[in-house]
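Analysis of the macromolecular model
Below, each chain spelled out in residue letters.
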Amino acid sequence: MLEDIYKHTKEQMQKSLQALSKDFTTLRSGRVSISLVDHVRVEYYNTPTPLNQVASVIATDASTITITPWERGLLKDIERALQEANIGVNPSNDGENVKLFFPPMTMEQRKEIAKDAKAMGEKAKVAIRNVRQEANNQIKKLEKDKAISEDENKRALAEVQKYTDDFIKKIDEHTKAKEEEVLKV
């Protein structure tokens, strides 16, 4: 029973770490990334469709994203979706492509993004602690139901705490690396 709890706990903590990594891809660092437009949905036959399913999205250089729709009629819809997504720049439509030109970031913007990264890291830590709490409650219930002894309970709680400490450390490392990447000019 304890092994199942350990396994589930590790899986949930790993998912929190993966969610943090995914969140970090939405933050802009020195060069633009096409992940900045991952959340953009375009109206395609009255269905909100991910941008990358109706157009090719490429980063042509460090400050430009070019979006080429597969159907020419989607240019206006893509442009509108990008404006509504509020990604920080206005789309430029040249009749064939929609381009996003990102100006170089100021130090103030970099500090703000670093602050956002730190907040995302804190959110991930809370998620890890919630997983720990859930596991601890399951372990205490097992002891209460006399399924495990008091010593096994203490060992199990210590094991869960060890997992928690490991994942919190990984989150801190990820967050620090992202902050450094963002602040690097």
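Residues numbered from 1 in each chain as written. Predicted model: local features only at pLDDT ≥ 70, side-chain atom pairs only at ≥ 80, totals over all residues. Heavy atoms only, no water.

1. Notes on the packing of aromatic side chains
Operational definition: Working definition: a ring pair exists when centres of Phe, Tyr or Trp rings (six-membered ring for Trp) sit within 6.5 Å. Plane angles under 30 degrees give stacked, over 60 give edge-to-face, the rest tilted. The secondary structure listing takes helices from DSSP runs of H or I that are at least 4 residues long and strands from runs of E that are at least 2 residues long, numbered from the N terminus. Exposure categories follow from relative accessible area, calculated using a 1.4 Å probe and restricted to protein chains: below 20% of the type maximum is buried, above 50% is exposed, and the middle band is partly exposed. We call a charge positioned over a ring when the NZ of a Lys or the CZ of an Arg lies within 6 Å of the ring centre and within 35 degrees of the ring normal.
This model, assessed by the stated rule, comprises two aromatic pairs. Between Tyr6 and Tyr163, the aromatic rings sit 5.9 Å apart at their centres with planes inclined by 85 degrees, giving edge-to-face as the arrangement. Note that Tyr6 is positioned in helix α1 (residues 2-25) and Tyr163 in helix α4 (residues 150-183), a separation of 157 residues in sequence. Tyr6 sits in the buried class, given a relative accessible area of 10%. With a centroid separation of 4.7 Å and an interplanar angle of 70 degrees, the aromatic rings of Tyr44 and Tyr45 are classed as edge-to-face. Judged by its relative accessible area of 23%, Tyr44 is partly exposed. Seen from the ring of Phe167, Lys170 lies directly overhead, with NZ or CZ sitting 4.7 Å from the centre.

2. Thoughts on the packing of α1 against α4
We count it as follows: Axis lines are fitted to C-alpha atoms, over the contacting stretch for helices. Their N-to-C directions set the angle, which ranges from 0 to 180 degrees. Throughout, the term roughly parallel applies to angles under 35 degrees, roughly antiparallel to angles over 145, roughly perpendicular to angles from 65 to 115, and oblique to all others. Residues are grouped as follows: Ala, Val, Leu, Ile, Met, Phe, Trp, Tyr, Cys and Pro are nonpolar; Asp, Glu, Lys and Arg are charged; all remaining types, including Gly, are polar.
Relative orientation of the contacting elements α1 and α4 amounts to 10 degrees, with a least axis distance of 11 Å. Between α1 and α4, the interaxial angle falls into the category roughly parallel. When its residues are assigned to classes, the contact of α1 with α4 shows 11 nonpolar, six polar and six charged.

3. Brief notes about the layout of surface pockets
Inclusion rule: Every definition here rests on a 1 Å grid over the protein atoms only: cavities are sets of points where a 1.4 Å probe fits but cannot get out, pockets are open sets enclosed by protein on both sides within 12 Å along at least five of seven lines, and lining residues have some atom within 4 Å of a point. Grid points are joined across faces, edges and corners, and a volume is the space filled by probe spheres set on the points.
Taken as a whole, the largest pocket spans an internal volume of roughly 310 Å³. As for the largest pocket, its lining consists of 16 residues, and the residues nearest its centre are Arg28, Ile87, Gly88, Phe102 and Ile113.

4. Comments concerning the nonpolar core
Applied cut-off: Definition of nonpolar core: a set of buried residues of the types Ala, Val, Leu, Ile, Met, Phe, Trp, Tyr and Cys, connected through side-chain atoms within 4.5 Å. Working rule for contacts: check all heavy atoms of both residues, and any pair within 4.5 Å makes them a contact.
The biggest cluster of nonpolar side chains holds 27 residues, and the ones touching the most others in it are Leu2 and Ile139. Mapped onto this core, the elements with two or more residues apiece are α1, α3 (107-144) and α4. Sequence-distant contacts of Leu2, that is, excluding residues within four places in its chain, are made with Ile139, Leu142, Ile148, Glu152 and Ala156.

5. Observations concerning the UniProt feature "domain: Ribosome recycling factor" (unreviewed entry) in the protein
What counts here: UniProt positions are given in the numbering used here, feature names are shortened, and annotations may be inferred rather than shown by experiment.
This chain's UniProt record puts "domain: Ribosome recycling factor" (unreviewed entry) on residues 20-183. With 54% helix and 17% strand, residues 20-183 has end C-alpha atoms that lie 19 Å from one another.

6. So, the environment of Ala117
Relative to the helices and strands, Ala117 is located in helix α3. What makes Ala117 buried here is its relative accessible area of 0%. The sequence separation of Ala117 and Phe24 amounts to 93 residues, and the corresponding C-alpha distance is 6.8 Å. Every residue in contact with Ala117, bar those within four places of it in the chain, is listed here: Phe24, Leu27, Thr175, Lys178 and Glu179.

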